[in-house]
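Residue-level listing of the chains:
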Amino acid sequence: MAIFAVSYRYSDDVAARDTHRPEHREFLAQCEGLLLSGPLTDPVGALLLVAADSAEQVEQRLDGDPFRREGVIVERVVRSYAPVLGSLADAVAAHR
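The model shown is predicted, which means the values in this text are computed figures rather than measured ones.

About the thresholds
Residues numbered from 1 in each chain as written. Predicted model: local features only at pLDDT ≥ 70, side-chain atom pairs only at ≥ 80, totals over all residues. Heavy atoms only, no water. Core = buried A, V, L, I, M, F, W, Y, C linked by side-chain atoms within 4.5 Å. Buried < 20%, exposed > 50% of the residue type's maximum accessible area, 1.4 Å probe, protein only. Helix = DSSP H or I, 4+ residues; strand = E, 2+ residues; numbered from the N terminus. Contact = heavy atoms within 4.5 Å. Phe/Tyr/Trp six-rings, centres within 6.5 Å; stacked < 30°, edge-to-face > 60°. Expected span 1.5 Å × (residues − 1). Bend = angle between axes of the 7 residues up to and from the residue.

As a further point, take the nonpolar core. Counting residues in each nonpolar core, the largest one holds 17 residues, and the members touching the most others are Val-6, Tyr-8, Tyr-10, Leu-48, Val-58 and Leu-62. For this core, the secondary-structure elements that each account for two or more residues are β1 (2-10), α1 (14-29), β3 (44-52), α2 (55-62) and β4 (73-81). With residues near it in sequence (within four places) discarded, Leu-62 still touches Val-6, Tyr-8, Phe-27, Leu-28, Cys-31, Leu-48, Arg-68 and Arg-76. Listed in part, the five residues of the second largest apolar core include Ile-3, Ala-5, Ala-51 and Val-92.

Here it is as structure tokens:
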């Protein structure tokens, strides 16, 4: 299993984000392999760390995100990530 960093860039539609945030967070809470998730501010979006066998598997797992369905996510980038240093590195790497 590998670790993937997923970045979301959100639309400027703040009302849509506010409306669909509870469903979005519930979806992510149930997402297999999700290690961390949280918002970014510039540009507005999010960063997720996901354990999976492939980038394609990550994309499939995240395709059902309500933010994606509602057009809140305007860009999604999935990249392989290999944590090496830091206080969480060992915990995250344990999922590889």
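Picking up after the structure, the text goes on.
Under the definition given, this model contains two aromatic pairs. An angle of 50 degrees between the planes, with centres 6.3 Å apart, marks the rings of Tyr-8 and Tyr-10 as tilted. Accessibility classification places Tyr-8 together with Tyr-10 in one group, the buried group. Here the aromatic rings of Tyr-10 and Phe-67 are separated by 5.2 Å at their centres, their planes lie at 90 degrees, and the arrangement is edge-to-face. Note that Tyr-10 is positioned in strand β1 and Phe-67 in helix α3 (residues 66-69), a separation of 57 residues in sequence.

Here α1 contains 16 residues, and its C-alpha end-to-end distance of 22 Å stays within 8% of the 22 Å for a straight helix at 1.5 Å per residue. The sharpest bend along α1 reaches about 55 degrees and sits at Arg-21, with the proline Pro-22 one to four residues further on. Within the span of α1, buried status applies to Ala-16, Arg-17, His-20, His-24 and Leu-28. Those residues of α1 that are buried are in contact with β1, β2 (34-41), β3, α2 and α3.

Honestly, that's just the spatial picture; any functional story needs more than this.
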